[in-house]
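Tertiary structure, described
Chain residues, written in single-letter form:
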Amino acid sequence: MGSFQRLLGNDDIALNLILPLGISFYSFSAIGYLVDLGRNKVEPRDLKDVALYLAFFPKITSGSIQRSGDFFRQMDQRRRIGWATFSIGIQIFMFGLFKKIVLADRLSVFVDQVYDAPGAFGSLTVFLAAIAYSLQIYFDFSGYSDMAIGVSKIIGVDLPSNFNLPYLAHNVTEFWKRWHITLSSWLQEYLYIPLGGNRKGKARAYVNLVITMVLGGIWHGANWTYIVWGLLHGVALAVHKVFMRVTKSAERPHLVLTDVISIFVTFLFTTFGWVFFRADSVVHAFEILKRMFGFHSGLEQPYVWLFVAVAVFVASSLAAAIKSKRCAGHGTKQNVSYIHGFYPILDLAKFWHLVLFFVFCGLILCLAYTGGSPFIYGNY
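This text gives an overview of the structure that appears in the document. Everything numeric here is computed off the predicted structure, so don't read it as measured data.

About the cut-offs
Residues numbered from 1 in each chain as written. Predicted model: local features only at pLDDT ≥ 70, side-chain atom pairs only at ≥ 80, totals over all residues. Heavy atoms only, no water. Helix = DSSP H or I, 4+ residues; strand = E, 2+ residues; numbered from the N terminus. Buried < 20%, exposed > 50% of the residue type's maximum accessible area, 1.4 Å probe, protein only. Contact = heavy atoms within 4.5 Å. Areas by Shrake-Rupley, 256 points an atom, 1.4 Å probe, with all protein chains shown as cover. Phe/Tyr/Trp six-rings, centres within 6.5 Å; stacked < 30°, edge-to-face > 60°. Salt bridge = Lys/Arg side-chain N within 4 Å of Asp/Glu carboxyl O. Expected span 1.5 Å × (residues − 1).

**Side note on the overall build of the chain**
Per the secondary structure count, the chain includes 15 helices and zero strands. Within the chain, the proportion of its 380 residues that are buried is 45%. Counted over contacts in the chain with a minimum sequence separation of 6, partners at least 24 positions apart contribute 71%. Entry remark: accessible area of the chain is about 19700 Å², with carbon and sulfur atoms responsible for 68%.

**Looking at the packing of aromatic side chains**
In this structure the tally under the stated criterion is 38 aromatic pairs. Ring centres 5.1 Å apart and planes at 80° place the aromatic pair Tyr144 and Phe375 in the edge-to-face group. Taken as a pair, Tyr144 in helix α7 (residues 123-154) and Phe375 in the segment after α15 (351-367) lie far apart in primary sequence, 231 residues in all. With relative accessibility at 23%, the residue Phe375 sits in the partly exposed group. When the centroid spacing of 5.2 Å and the interplanar angle of 80° are considered together, the rings of Tyr226 and Phe277 count as edge-to-face.

**Some words on the environment of Thr258**
Note on placement: Thr258 falls in helix α12 (residues 256-278). Between the C-alpha atom of Thr258 and that of His170, which follows or precedes it by 88 residues, the distance is 9.3 Å.

**Focus on the pattern of salt bridges**
Across all of its chains, the model carries twelve salt bridges by this definition. With its nearest N and O atoms 3.4 Å apart, the salt bridge here joins Asp49 to Arg45. Overall, Arg45 belongs to the partly exposed group, its relative accessible area being 24%. Put simply, Asp146 and Lys99 hold a salt bridge, and the shortest N to O gap is 2.9 Å. Of this pair, Asp146 sits in helix α7 while Lys99 sits in helix α6 (residues 83-116), placing them 47 residues apart in sequence. For the residue pair Asp146 and Lys99, the accessibility class agrees, reading buried in each case. One salt-bridge network, in which partners are shared between bridges, spans Arg45, Lys48, Asp49 and Asp76.

**A closer look at helix α3 (residues 25-38)**
Its 14 residues place the ends of α3 20 Å apart at the C-alpha level, agreeing with the 20 Å of an ideal helix rising 1.5 Å per residue. Restricting attention to buried positions, one finds in α3 the residues Phe25, Ser27, Phe28, Ser29, Ala30, Gly32, Tyr33 and Asp36. Elements that come into contact with the buried residues of α3 comprise α4 (47-54), α5 (68-76), α7, α9 (181-192) and α10 (202-220). Residue Asn40 follows α3 closely and has a positive phi angle near 60°.

Below is the structure:
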């Protein structure tokens with residue numbers, strides 16, 4: 001917003017009317033429908049069907065971006081709504097609520113303090129705040145996605161999954177197959193491929209990747225920080241493609257140590273990228289990075305909820321990995337190298353399962369942060 005104010009003046013009312021046009025999940029859905037209609041991928045629908053698709057309330061604020069064909073197909077089918085859909089949907093919703101008001105909102109307290117005055121804190125605390133924001137934005141956004149999926153499930157509509165344990169990605173390419181999955185596929189389908197994709201040579205493909213990610217950054221906001229964030233990921237995607245082609249790493253066997261190092265490096269890169277995403281300006285972002293790597297002294301404030309969030313993330317990731325291997329052992333069609341997230345759905349028709357569910361609900365109420373923190377992606 002600050003960048004456009006310098007270009008267009010300081011009329012906040014006019015800017016607030018102009019800038020949101022074409023920059024929202026609502027608009028992505030509309031553009032996708034129109035393009036698919038032009039490509040004859042979907043049949044023309046009447047106004048009420050299109051209005052229902054665009055304004056479907058669980059996803060309108062922060063996604064996920066559901067393809068129109070998938071939505072209309074479900075609307076045309078007879079949907080079974082009852083105890084089965086409710087018991088699954090309410091558990092997914094509560095799991096998302098736990099992510100949001102217990103983990104993300106409590107992490108926001110620590111993150112906001114450090115980002116508001118990074119010069120007052122020591123390098124270690126600033127580094128921990130950067131990690132805390134990586135977890136905050138994941139728990140916040142995936143929490144919303146879970147809540148939207150859960151509410152939609154209750155009324156018999158399946159929304160696409162938007163996250164798949166992104167911080168277990170081995171590289172930046174895999175990260176974007178796991179993070180905000182519906183946006184990644186939208187950008188690929190409606191930006192990267194129309195730009196030429198990889199059909200016009202490798203060099204052009206790398207340029208198209210960078211352009212797509214920069215445009216994806218601009219979608220997040222009219223600020224140079226989002227452009228830099230998109231540029232970083234676009235260049236990283238291109239560099240990874242070149243590295244894979246030159247070294248032919250995909251053909252080599254993966255060692256456990258190599259996998260661990262790859263996941264760690266990818267997480268650090270993503271964390272440093274989030275600094276630009278969260279900072280108020282590029283200057284502010286570099287101030288935080290300088291503070292982080294300058295070994296400066298200052299207030300050291302280890303935040304206990306950061307370690308709680310890390311423990312929850314590690315435990316849930318291990319549980320997902322174990323479940324993935326068990327599914328593979330039972331002969332399900334699943335790529336073991338690609339761990340899928342899961343929800344520990346209980347059978348609420350059983351007494352003790354119902355008791356556990358209400359204990360979990362009570363835990364959420366007891367641990368919830370009540371300071372009021374809006375969804376991060378509610379601004380986009």
